[in-house]
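Summary of the model geometry
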Amino acid sequence: MLLSMTGFGEARIQAQDLSISIELKSVNNRFLKVIIKSSEAYQRLDTEIDRMLRETLKRGTIQVQIQVHRKPRPDDYQINVTALRTYHEQLRQLSTDEGLPSDITLATLLTLPGVAEEEPMRSYEEDHWDRIEPILKDALKRLQIMRAEEGTKMAQELQSLNAFLHDRLKLIQAHAPEVAREYHKRLHEKLQNVLSEYAISLDAGTLVREVAIFADRSDIHEEITRLGSHLEQFNVFLNEAESTGRKLDFLIQEMNREVNTIGSKGNDILITRHVVEMKGAIEKMRELIQNVE
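The following refers to the structure shown. A quick note: this is a predicted structure, and the numbers were derived from the prediction, not measured.

Rules used in this analysis
Counting of residues starts from 1 at the beginning of each chain's written sequence and follows it residue by residue. Local features in this predicted model are restricted to residues of pLDDT 70 or higher, and side-chain atom pairs are both shown and tallied only at a pLDDT of 80 or more, whereas totals for entire chains, interfaces and linings draw on every residue. Based on all heavy atoms of the structure, the side-chain values leave hydrogens and waters out of the count. Strands are treated as partners if at least two bridges between them are detected by DSSP. Helix and strand labels come from DSSP, where a helix needs a run of H or I of at least four residues and a strand needs a run of E of at least two; each type is numbered from the N terminus. Angles shown run from 0 to 180 degrees and are taken between the N-to-C directions of axes, each axis being a line fitted to C-alpha atoms and, for helices, limited to the stretch in contact. Contacts are assigned to residue pairs that have any heavy atoms within 4.5 Å of one another. Only buried Ala, Val, Leu, Ile, Met, Phe, Trp, Tyr and Cys residues count toward a nonpolar core, and they belong to the same one when joined by side-chain atoms within 4.5 Å. A 1.4 Å probe rolled over the protein chains alone gives each residue an accessible area, and that area as a share of the maximum for its type sets the label: buried under 20%, exposed over 50%, partly exposed in between. One fewer than the residue count of a helix, multiplied by 1.5 Å, yields its expected span. It is the directions from the helix axis to the C-beta atoms whose arc is reported. Any angle that is under 35 degrees is reported as roughly parallel, and any over 145 degrees as roughly antiparallel; angles of 65 to 115 degrees are reported as roughly perpendicular and all others as oblique. Helix crossings are classified by the rotation of the near helix relative to the far one: an anticlockwise turn of less than a right angle makes the crossing left-handed, while a clockwise turn makes it right-handed. When residue character is reported, Ala, Val, Leu, Ile, Met, Phe, Trp, Tyr, Cys and Pro are called nonpolar, Asp, Glu, Lys and Arg charged, and the others, Gly included, polar.

1. Regarding the sheet that holds strand β4 (residues 60-70)
Strand order in the open sheet formed by four strands is β1-β2-β4-β3, and the pairing between neighbours is mixed. The open sheet has two free edges, formed respectively by β1 (7-14) and β3 (32-37), since each of these has just one partner strand. Adjacent strand axes in the sheet meet at a mean angle of 10° when their direction is disregarded. With 10 bridges connecting them, strand β2 (residues 18-27) and β4 associate as antiparallel partners. Counterpart to S19 in the pairing with β4 is H69. Contacts between helix α1 (residues 46-56) and the sheet are confined to β2, β3 and β4, with β3 contributing the most and set at about 145° to the helix.

Structure, rendered in structure tokens:
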């Protein structure tokens, strides 16, 4: 079953004291790259998150967005008494030393950096992973569903293109024997026309040797056989239980090589036309496979 490397999965939970939201986005990448964005308090979970994703995903760039909001508690808001006293002592001493008016107020001290934070960082709590983990699994499941749905559509398109290549290969295979015969006919007519001007008869043995050399150089039997084998193997990969993007990518390169060789050795207008159509189909397949896990 093919899986697309493009997808989106989201899951969230809203409890009385805690809300958790997780988004997963995946895009193309030859390898697996996990990017995790969360508040500083939860970055210690990055290793666990990365491990969980790698157990399921094989390729692609995965962006993980985690938002955790906990209901504020009284102990979230604390005045840094040490900082406050230090500021007060330094300002009092400065006022004495410099003869400045001592109009230090508590309100002024509370605005100084480090005395009171307007948005205190929510601290990480050990039980939060137990609550984050099932949400992450749910988001991953939704991501996989979307990737599988797109992968199914891609597989259908690839099967259609593969069938097209099969049809064109059969046409080439059926026409290939005619190439040497057509060459023999054209060469014989040309030589007859040229030699008749000088009253010289055509040596049949020479003509046969010339045609044999041409037939050997333009023989595409092996390329047809190998390409047919690649096309059959392609269908096998499409129906495997796991996504086979790397295998398909390699096979496409081999298919393209055989088609190019058929085109260069074919020496025939009809074969060339089929080759051009096949190369167009292979390019479409290659573009699709770039998005297969």
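What follows picks up the thread again.
2. Some remarks on the nonpolar core
Judged by nonpolar contacts, the single largest core of 29 residues is most densely connected at L165, I172, L227, F234, M255, I262 and M285. Looking at this core, the elements that each hand over two or more residues are α4 (128-196), α6 (221-238), α7 (245-266) and α8 (269-289). Setting aside residues no more than four positions away along its own chain, M255 makes contact with N162, L165, L227, H230, L231, F234, I282 and M285. One finds I49, I62, V64 and L140 within the second-largest nonpolar core, a separate group that totals 25 residues.

3. Describing the environment of V276
Position of V276 among the secondary structure elements: in helix α8. A C-alpha to C-alpha distance of 9.2 Å links V276 and N260, two positions 16 residues apart in sequence.

4. Some words on α8
Its 21 residues give α8 an end-to-end C-alpha distance of 30 Å, which sits within 8% of 30 Å, the value for a rise of 1.5 Å per residue. Restricting attention to buried positions, one finds in α8 the residues I271, H274, V275, M278, A281, I282, M285 and I289. The arc that holds the buried residues of α8, viewed along the axis, is 130°, so those residues lie on one side. α8 presents I269, R273, V276, K284 and E287 as exposed residues on the side facing more than 90 degrees away from its buried surface.

5. A look at the packing of α7 against α8
Two quantities define a packed helix pair, namely the angle between the helix axes and the distance between the axes. Running from N to C, α7 and α8 point in directions that differ by 165°, and their axes come no closer than 10 Å. The pairing of α7 with α8 is recorded here as roughly antiparallel in orientation. Handedness of the α7/α8 crossing: left-handed. Counted together, G245, L248, D249, I252, M255, N256, V259, N260, I262, G263 and G266 of α7 and I271, V275, M278, K279, I282, M285, R286 and I289 of α8 form the full contact between these two elements. Taken together, the residues of the contact of α7 with α8 sort by class into 11 nonpolar, five polar and three charged.

These figures capture arrangement, not role.
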